[in-house]
Amino acid sequence: MSETEFPRALADRLRRILIDADYTVSGVRDRLGDAAAKALAREQLLPALRATGGEERLGLLLRLWWLRSPVPLRAIRAILPVEELVEAGLVTVDDAPDGHVVRSLVHLGPWELEDGRPGFVVSDPKVRPGDGEVPRHDHVVGTGGASAGLSRLMVDGPFERALDLGTGCGVQALHLASRAREVVATDLNPRAVRLARISLALSGVFDARLLQGSMFEPVEGERFDLIVSNPPFVITPGNARFTYRESDLPGDALCAELVRQAPDHLTEGGWAQFLANWTHTDGDDWEDRVGGWITRAGCSGWVVQRDVQDPAEYVELWLRDSCEHGTPEYTRRYDAWLDYFEREGIKGIGFGWISLRNDVAQDATVRVEELRHDVEQPVGRYLPDVVDGALTANRLTDAALLSAHVALAPGVVEERVAVPGAPDPEKILLRQREGLRRVARIGTVEAALASVCDGTMPVGPLLDAIAELMGEDPESIRTRTPQALRTLISDGFFRVAR
């Protein structure tokens, strides 16, 4: 939408109205209350409608923008510039038995910016089960678990330039605005570009560039310090039906293509971070295949699988997403989707994230793993340390490791599991109380090293002292310990001080 279609003056005016009415994350939460909020999560509107009754400002705004309930024209006109909003395509005025009512054409929800200031996100209204509708082809989805997860994955700035690829409603561009001096946001869907521009304007972000186009085409020849994307990664049997979640590329080729093209648009040391799906097939190691995407791109990277679904679970998830359960098309689409997975030999679909860094070193390192447990949020705060740890461990030869000064990483504690009456512990564990919260089972030599290493002495002399205390051959301990220690460095239990 151009400036004339949604003027800055209107954005500033509407923003002030919303903030003055406490249409903020905390204000909405307090007004709805726990019971109504939980009911909304179950797609039940009635408790929220009861909680927002009357003609008080916040209640009217909630019913209009959040609940998509018609509100009396005479009441809402006292709050909002209705005619200007009609012209901007955000609301419509309709006849009703009791007089004219105003209906929202979009969902306008409060958001909280990184610095705590109130922001707002504009998207298409959510299609709810039982409405008898499915999303339109160019539907612009609002914020949800995936967008929140990506925002927590972003590495901290500051950065000079950042790109939100496939911006949708613009929520990631809002997060980038506090991290980068210059923000560019793109989307294949012109409607997404339009609504993202309104989201940014209502949040007081007017200097971002919004461009329409596919993949990296709108920013050909440009480079960025940070690229983020919640792409249309859903794996489907045919042409894309919904632009917000599906592409025309087969299988997980879209995610592979993002990884392939990203380095050409990254500055030296720049980061690219994507949410992704990938297939699991017989005779195909997903770790090798997905890790290979990054290896061939020449970058260091970290691939994390957070969940795996079987084909039936996956199909049911996305048919629920498009509200097709109970429709005449449900069984046919379900069957066709399963046929496709069977033909392709797809036994499961992985969900997770891909982070890559455009390292110029020839020894770029790729870490691929599965993490199903809860980890500390936001991940972006310590994500560079994860990649650096794997890179450092890969670089260290045994000789270099024995000469290195290492220290136990912050938040790592030792635990011993003892059997009553036994002279030695049954097992010794290192546990991370923060970050990725990994647990590693270690031997007595590594445990002794963990108890004494503080970065002031090289590893080799420490191992010699440990060997003397244990009555073992120092050369034997020096030979067998580096590989175990290298793994512990890669996993973040130890850090190389120098």
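Higher on the page you've got the structure.
Here is a short report on the structure shown in this document.

What counts, and where the lines are drawn
- Residues numbered from 1 in each chain as written.
- Predicted model: local features only at pLDDT ≥ 70, side-chain atom pairs only at ≥ 80, totals over all residues.
- Heavy atoms only, no water.
- Pairing = 2+ DSSP bridges.
- Helix = DSSP H or I, 4+ residues; strand = E, 2+ residues; numbered from the N terminus.
- Phe/Tyr/Trp six-rings, centres within 6.5 Å; stacked < 30°, edge-to-face > 60°.
- Buried < 20%, exposed > 50% of the residue type's maximum accessible area, 1.4 Å probe, protein only.
- Axes fitted to C-alpha atoms, helices over the stretch in contact; angles between N-to-C directions.
- Parallel < 35°, antiparallel > 145°, perpendicular 65-115°, else oblique.
- Left-handed = near helix turned anticlockwise from the far one by under 90°.
- Contact = heavy atoms within 4.5 Å.
- Nonpolar A, V, L, I, M, F, W, Y, C, P; charged D, E, K, R; others polar.
- Salt bridge = Lys/Arg side-chain N within 4 Å of Asp/Glu carboxyl O.
- Polar contact = N/O pair within 3.5 Å; in protein donor to acceptor, adjacent residues only side chain to side chain.

1. Some remarks on the pairing of strand β2 (residues 91–94)
Pairing of β2 with strand β3 (residues 101–104), which is carried by four bridges, proceeds in the antiparallel orientation. Looking at the pairing, Val91 lines up with Ser104 of β3. Where β2 hands over to β3, the hairpin turn is made up of six residues, of which Gly99 adopts a positive phi near 120°.

2. Details of the packing of aromatic side chains
Taken as a whole and assessed by the stated rule, the structure comprises nine aromatic pairs. Between Trp278 and Trp286, the ring centres sit 5.6 Å apart and the planes meet at 5°, which makes this aromatic pair stacked. Taking the relative accessible area as the measure of exposure, Trp278 reaches 0% and is therefore buried. Here the aromatic rings of Tyr340 and Phe341 are separated by 5.6 Å at their centres, their planes lie at 45°, and the arrangement is tilted.

3. Section: the packing of helix α16 (residues 444–452) against helix α17 (residues 459–470)
The contact between α16 and α17 brings their axes to 10 Å, and the two run at 120°. It follows from the interaxial angle that α16 and α17 lie oblique. Relative to α17, α16 is oriented so that their crossing is right-handed. Where α16 abuts α17, its residues Thr444, Val445, Ala448, Leu449 and Val452 lie against Val459, Leu462, Leu463, Ile466 and Met470. For the contact of α16 with α17, the residue count by class is nine nonpolar, one polar and no charged.

4. Things to note about the pattern of salt bridges
Enumeration over the complete set of coordinates arrives at 41 salt bridges. One salt bridge in this structure joins Asp115 and Arg117, with 2.7 Å as the shortest N-O distance. Exposure remark for Arg117: the relative accessible area of 37% places this residue in the partly exposed category. Its salt-bridge partner being Asp398, residue Arg486 comes within 2.6 Å of it at the nearest N-O pair. Within this pair, whereas Arg486 is found in helix α18 (residues 474–490), its partner Asp398 is found in helix α15 (residues 398–403), the two being separated by 88 residues in sequence.

5. Topic: the side chain of Arg194
Relative to the assigned elements, Arg194 resides in helix α9 (residues 190–202). One polar contact links the side chain of Arg194 to the main-chain carbonyl oxygen of Ala88, over a distance of 3.0 Å.

6. Side note on the sheet that holds β2
Strand order in the open sheet formed by three strands is β1-β3-β2, with antiparallel pairing between adjacent strands. A single partner strand is all that each edge strand has here, and the edge strands are β1 (71–72) and β2.

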